[in-house]
Amino acid sequence: MKIYTKIMEIGSFIKDEKILREAERVEQIYPFRCTDYYLSLVEEFSSSDPIFRQIFPSFSELDEGEEDPFGEDGSTEHPCLIRRYKDRLLVLSTNQCFVHCRFCTRKRKWRDAPFVFEDFGALERYLKKHPEIQDVLISGGDPFWLPASWFDELLKVVGKIGSVRIVRIGTRSPVVAPEAVEDKLKVLSRHAPVWINTHFNHPKEITGESRKALLSLIKSGCPVNNQSVLLKGINDSYEVLKELLISLLSTGVRPYYLFSCDPVRGTAHFRVPVERGLSLIKRLRKELSGMAVPHFAVDTPHGKRILP
Ligand code: SF4
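All of the points below concern the structure found in this document.

Some remarks on the packing of aromatic side chains
Item 1. Counted by the stated rule, this structure contains twelve aromatic pairs.
Item 2. On the basis of an interplanar angle of 80° and a centroid distance of 6.0 Å, the ring pair of F45 and F52 is categorised as edge-to-face.
Item 3. For the pair Y257 and F259, a centre-to-centre distance of 4.9 Å together with 35° between the ring planes defines the contact as tilted. Residue Y257 shares its accessibility class with F259, and that shared class is buried.
Item 4. Put simply, the rings of F117, F120, F144, W150 and F151 touch in pairs and so form one group of aromatic residues.
Item 5. Between the NZ or CZ atom of K184 and the centre of the ring of F144, over which it lies, the distance is 5.4 Å.
Item 6. Over the ring of Y238 we find R283; its NZ or CZ atom is 3.6 Å from the centre of that ring.

Below is the structure:
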């Protein structure tokens, strides 16, 4: 797999010189990153293309706003253990991803020096001290960036804590780097069931490769749910969402959440009014099987709110 980390590497595809120069300025603050696989899904190198729009830096990212509106940083004494709910703990596995999605809630982490969470002793101590935590979510960055041995070690630690009953992994790798799934399967099946939350936003992301990765996860004993973000100019239409949801369900993936885009600095141009999200969900509920329709949710500093 090749990972592009500079706009110049894909510069020859971009015809508009002004857009290219702007992107080079934006990447100084919010770096560019994309796999050759995900880039191959771009049909038109312009902001009207739903894949291009998710990966290409835009001048609109240099807006005002908070970088951490939900107060994740400092929620526990350990920078990689995030606690926003009484019964759940989020483990920040790494700040590395295969792709930098321009709408990312944690884009503030892209500028940090690369890190990998390896303080398994601290995790064990925290979980023992807080038996009210039943659910551990391994997130990032993209945890699938890490080797299978990392998962084995972490899942062994979590598996020793009797009060933890659910383990989830949030990964975009089936969408942007399906080949990164293969080497995790053996370990994950040893610790099954491990719930996978993936993140498809557009039907064009569901390809032969991504379907293969999803089916191999399911066969390994990992149920797969999908969390999408409602994104302006990408999936804020009934037809696009309908195709996305039905394609996911037909692959064995349950559409779980449709999130309103978080009010994070550098993402305002992706935000869709909540009223528009509600009307889309209403129509989807009316016209699709209940299994295909996700919860519509808005994240707030006090936790997730499911609407209506
Ligand atoms: S893969 Fe996830 S964490 Fe990484 S940039 Fe995309 S949305 Fe953010």
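A look at the site of the ligand
Item 1. Near the ligand, the surroundings consist of C97, V99, H100, C101, C104, W110, G141 and R172.
Item 2. Partitioned by chemical class, the residues of the shell around the ligand number five nonpolar, two polar and one charged.

Looking at the packing of helix α4 (residues 120-129) against helix α5 (residues 148-159)
Item 1. Across the interface, α4 lies against α5 with an axial gap of 9 Å and an inter-helix angle of 25°. In terms of orientation, α4 and α5 fall into the roughly parallel class. Relative to α5, α4 is oriented so that their crossing is right-handed. For the pair α4 and α5, the contacting residues are F120, L123, E124 and L127 in the first and W150, E153, L154, V157 and V158 in the second.
Item 2. Residues belonging to the contact of α4 with α5 are distributed by class as follows: seven nonpolar, no polar and two charged.

Observations concerning the nonpolar core
Item 1. In this structure, Y38, L123, L154 and L188 are the most contacted members of the largest nonpolar core, which totals 89 residues.
Item 2. Counting residues per element, this core draws most heavily on α5, at seven residues.
Item 3. Discounting residues that sit within four places of it in the chain, L188 has contacts with F144, F151, L155, I169, V194, I196, L217 and C222.

Examining the sheet that holds strand β10 (residues 295-300)
Item 1. The mixed open sheet is built from nine strands, whose spatial order is β3-β4-β5-β6-β7-β8-β9-β10-β11. A strand with exactly one partner marks an edge of an open sheet, and here the two such strands are β3 (81-85) and β11 (303-307). Averaged over all pairs of adjacent strands, the angle between their axes in this sheet comes to 30°, without regard to strand direction.
Item 2. As paired strands, β10 and β11 are joined by five bridges and run antiparallel to one another. Considered in β11, the bridge of A297 is made with I306.
Item 3. Against the sheet, helix α9 (residues 238-250) engages β8 (224-230) and β9 (254-260), with an angle of about 145° to β9.

Points about a nonpolar patch on the surface
Item 1. A contiguous nonpolar surface patch, about 220 Å² in accessible area, is contributed by I29, F59 and L62.
Item 2. By the secondary structure assignment, L62 is in the loop between α3 (50-55) and β3.
Item 3. The partly exposed category is assigned to L62, whose relative accessible area is 34%.

Some details on the state of the cysteines
Item 1. Inspection of every chain in the model, using the stated rule, returns zero disulfides.
Item 2. As a non-bridged cysteine, C261 has C104 as the owner of its nearest cysteine sulfur, 9.8 Å distant.
Item 3. Residue C261 is classed as buried on the basis of its relative accessible area of 5%.

Quick look at the packing of α9 against helix α10 (residues 274-287)
Item 1. Between α9 and α10, whose axes approach to 10 Å, the crossing angle comes to 50°. As far as their axial angle goes, α10 and α9 are oblique. Seen from above, α9 lies across α10 with right-handed handedness. Seen from α9, the contacting residues are Y238, E239, L241, K242 and L245; seen from α10, they are L280, R283, L284 and E287.
Item 2. Of the residues that constitute the contact of α9 with α10, the class distribution is five nonpolar, no polar and four charged.

Considerations on the side chain of N197
Item 1. Of note, N197 is situated in strand β7 (residues 195-198).
Item 2. Looking at N197, its side chain comes within polar contact range of the side chain of Q227, at 3.3 Å.

Section: the pairing of strand β6 (residues 166-170)
Item 1. Burial analysis of β6 places four of its five residues in the buried class, which makes it a mostly covered element.
Item 2. Here four bridges tie strand β5 (residues 135-139) to β6, and the two strands are oriented parallel to one another. Bridge pairing in β6 places L137 opposite R168.
Item 3. At this point the chain moves from β5, through α5, to the parallel β6, and the crossover so formed is right-handed.
Item 4. Pairing analysis gives three bridges linking β6 to β7, with the strands arranged parallel.

Parameters and conventions
- Residues numbered from 1 in each chain as written.
- Predicted model: local features only at pLDDT ≥ 70, side-chain atom pairs only at ≥ 80, totals over all residues.
- Heavy atoms only, no water.
- Phe/Tyr/Trp six-rings, centres within 6.5 Å; stacked < 30°, edge-to-face > 60°.
- Buried < 20%, exposed > 50% of the residue type's maximum accessible area, 1.4 Å probe, protein only.
- Lys NZ or Arg CZ within 6 Å of the ring centre and 35° of its normal.
- Near = heavy atom within 4 Å.
- Nonpolar A, V, L, I, M, F, W, Y, C, P; charged D, E, K, R; others polar.
- Axes fitted to C-alpha atoms, helices over the stretch in contact; angles between N-to-C directions.
- Helix = DSSP H or I, 4+ residues; strand = E, 2+ residues; numbered from the N terminus.
- Parallel < 35°, antiparallel > 145°, perpendicular 65-115°, else oblique.
- Left-handed = near helix turned anticlockwise from the far one by under 90°.
- Contact = heavy atoms within 4.5 Å.
- Core = buried A, V, L, I, M, F, W, Y, C linked by side-chain atoms within 4.5 Å.
- Pairing = 2+ DSSP bridges.
- Patch = residues over 30% accessible without salt bridge, like charges linked within 9 Å, V, L, I, M, F, W, Y side chains within 5 Å.
- Areas by Shrake-Rupley, 256 points an atom, 1.4 Å probe, with all protein chains shown as cover.
- Salt bridge = Lys/Arg side-chain N within 4 Å of Asp/Glu carboxyl O.
- Disulfide = S-S within 2.5 Å.
- Polar contact = N/O pair within 3.5 Å; in protein donor to acceptor, adjacent residues only side chain to side chain.
- Right-handed = clockwise from strand over helix to strand, strands pointing away.

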